[in-house]
Amino acid sequence: MGETAHNHQQPPPPQAAAAPPPPPSLALSRGPTWTPAEQLQQLHYCIHSNPSWPETCLLAFEHYIVMLGTTVLIARNLVPRMGGDPGDTARVIQTLLFMSGINTLLQTIIGTRLPTVMGPSYAFVLPVLSIMRDYNNETFSNEHDRFVDTMRTIQGSLIVSSFANIILGFSKAWGNLTRFFSPITVAPVVCVVGLGLFMRGFPLLANCVEIGLPMLILLIICQYLKYLHPRANPAIERFGLLVCVGIIWAFAAILTVSGAYNNVGQQTKQSCRTDRSYLMSSASWVKVPYPFQWGAPIFRASHVFGMIGAALVSSAESTGTFFAAARLAGATHPPAHVLSRSIGLQGVSLLLDGIFGAAVGTTASVENVGLLGLTHVGSRRVVQISTAFMFFFSIFGMSSIYHLKLRKKSHRVLIHVYSDTLHLPGKFGALFASIPLPIFAAIYCVLFGIVAAIGISFIQFSNNNSMRNHYVLGLALFLGISIPQYFVSNTTGDGHGPVRTNGGWFNDILNTLFSSPPTVAMIVGTLLDSTLEARQTINDRGIPWWKPFQSRKGDVRTDEFYSLPLRINEWMPTRFL
């Protein structure tokens, strides 16, 4: 059929505009990219590999030195305000060291089995201040009686509060709670475990700048010195902290002996001098802490609730510290059943703390976890050997040794004058307790920073370009620091926090909970991450990567790191594993 005059050819349909070429990848021009790493590859020794025995002992002693600062600081702040004398302060330090050794062994053998030192916790300071405040209004025949009654009440409160952790742990409730975690939740929790302790860093260092600042600078210089020679690298990396402590400690002793602190304020003397021999000069040279050493415990309901709040806080703090320790020890992330087991055992530790009369409860030591990263040694054996130093320095002294030397050498007057001049401690434990606290503060600046950085590293397992993740992470991180700072800043010296209702027990619980950065970050992060577009952003949150670590058989490496020794799991009930 031919074409007609009205049948003309239609124009071709317009073609879609060609898509512009994708922008060049900036990553290619800036160097290689790195895939997420579940385990750190730069460790010299991981959780189940061990250095030689001489190195193990030196590293274990290093762990003891690091945890000693918190022990001395808590005892020095609390015991005099309770009415205790220097001898009482010495006994409290001995008890805290002794219980740290026991609780560390329990946690590393049948708890998480991670290389974490269990030391005294600041979370219990507020409930202790509340107990002290009540006893300040009572009349005693002398100050020592007030101290003893305060310690007995602390004992009773610790014993009762321990059952909160025991129930949460062994009922698996705490493990079920951690199943709501994701990398977006764990990152701010672990981060504020380190950052939340900033007041124990430079502010404490600044109390004696001429000692603390050289210590901090020397620690940083060590990171450069280890590259001078290949053989010097491992030695400086592992033992540089001990060398720095020895140098600055000797410098502080010279300043003390030369009279540099004779005409300064009391605060400067307490922070700078190395002659704090009063800490143990009144104690027996051999003293073993024993159950109920202060007397029968006193149970008061108004104080128990505040201590329960502290027990919950210590659980949150320990959980964040365990995640950091697992990463720095070369282990996979602890599954839910291991965290339940560890928190239940931490309740047992609180029970033992109450029975033996410790001034505060126990938590995982953040500074010792940071030391794993500084030394690149995450060996479990090193931490277990460190308990031997805790036991030794909490029990044995050297007064009798000095006295024997005096008799043999017949230089009683000369050595007596020398001892008075240097104010040498009369006990081994007091010798190391004389290390000025600004030295420890300089160490904390480095170690707490390492733990905070480990928290940031968890972001690699989620979508870093998700605005939703930025919102949850940023809010949890900021409020985790800001809210506790408000509570701490508005807490009076006798423990009155910003929450001041007619119920003292209610005040103690809330003031304790919201004074803890990891607890606040855990609450905010878990609520937001579990409710804000949770189902639509499962991949962005990193759940596919995270989920296998939450179950007992989810990862084949779990038993390698967390199984109990000596086939204990074969006869222990499964619900307790």
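Residues numbered from 1 in each chain as written. Predicted model: local features only at pLDDT ≥ 70, side-chain atom pairs only at ≥ 80, totals over all residues. Heavy atoms only, no water.

Let me state the cut-off plainly: UniProt positions are given in the numbering used here, feature names are shortened, and annotations may be inferred rather than shown by experiment.
Taking an unreviewed UniProt entry as the reference, the chain is identified by name as Nucleobase-ascorbate transporter 3 belonging to Populus deltoides. Per UniProt, the chain has the following entry under Sequence similarities (unreviewed entry): "Belongs to the nucleobase:cation symporter-2 (NCS2) (TC 2.A.40) family." One UniProt comment on the chain, placed under Subcellular location (unreviewed entry), says "Membrane".

1. Looking at the pattern of salt bridges
As a reminder, the rule being used: Salt bridges, as used here, are contacts in which a Lys or Arg side-chain nitrogen is within 4 Å of a carboxyl oxygen on Asp or Glu. Only DSSP runs of H or I covering at least 4 residues are called helices, and only runs of E covering at least 2 are called strands; the numbering of each starts at the N terminus. Relative accessible area decides the class of each residue, using a 1.4 Å probe on protein chains only: under 20% of the type maximum gives buried, over 50% gives exposed, and in between gives partly exposed.
The tally for this structure, following the rule as stated, stands at nine salt bridges. When the shortest N-O distance is used, the salt bridge between E138 and R300 registers 3.4 Å. A residue pair is termed long-range when its members are at least 10 positions apart, and E138 in the loop between α4 (125-136) and α5 (143-170) and R300 in the loop between α11 (266-272) and α12 (301-328) qualify at 162 residues. A relative accessible area of 35% places E138 in the partly exposed class. Residue R300 is classed as partly exposed on the basis of its relative accessible area of 28%. Among the salt bridges present, the one from R541 reaches D529, with a minimum N-O distance of 3.3 Å. Here R541 is found in the loop between α22 (517-531) and α23 (543-546), whereas its partner D529 is found in helix α22, with twelve residues between them in sequence. Here R541 falls in the buried class, since its relative accessible area comes to 8%. For D529, a relative accessible area of 0% gives the class buried. By sharing partners, the salt bridges in this structure join R468, D529 and R541 into a single network.

2. Description of the nonpolar core
Our working definition: To define a nonpolar core, start from buried Ala, Val, Leu, Ile, Met, Phe, Trp, Tyr and Cys residues and group those joined through side-chain atoms within 4.5 Å. Any two residues whose heavy atoms approach within 4.5 Å are treated as being in contact.
Y64, L78, I211, M215, I439 and I443 are the most contacted members of the largest nonpolar core, which has 124 residues in total. In terms of residue count, the dominant contributor to this core is helix α2 (residues 53-82) (13 residues). Ignoring any residue separated from it by four or fewer positions in sequence, one finds Y64 in contact with L97, F389, M390 and F393.

3. Let's talk about the packing of α5 against helix α13 (residues 336-356)
Defined as follows: The convention used is that axes are lines fitted to C-alpha atoms, helices contributing only their stretch in contact, and that angles between N-to-C directions extend from 0 to 180 degrees. Angle categories are assigned with fixed cut-offs, so that under 35 degrees is roughly parallel, over 145 is roughly antiparallel, 65 to 115 is roughly perpendicular, and the rest are oblique. Working rule for handedness: look at the near helix, and if it is turned counterclockwise from the far one by less than a right angle, call the crossing left-handed; if clockwise, right-handed.
α13 packs onto α5 with a crossing angle of 165 degrees between their chain directions and a minimal axis gap of 7 Å. By the angle between their directions, the pair α5 and α13 is classed as roughly antiparallel. Of the two possible hands of crossing, α5 and α13 adopt the one that is left-handed.

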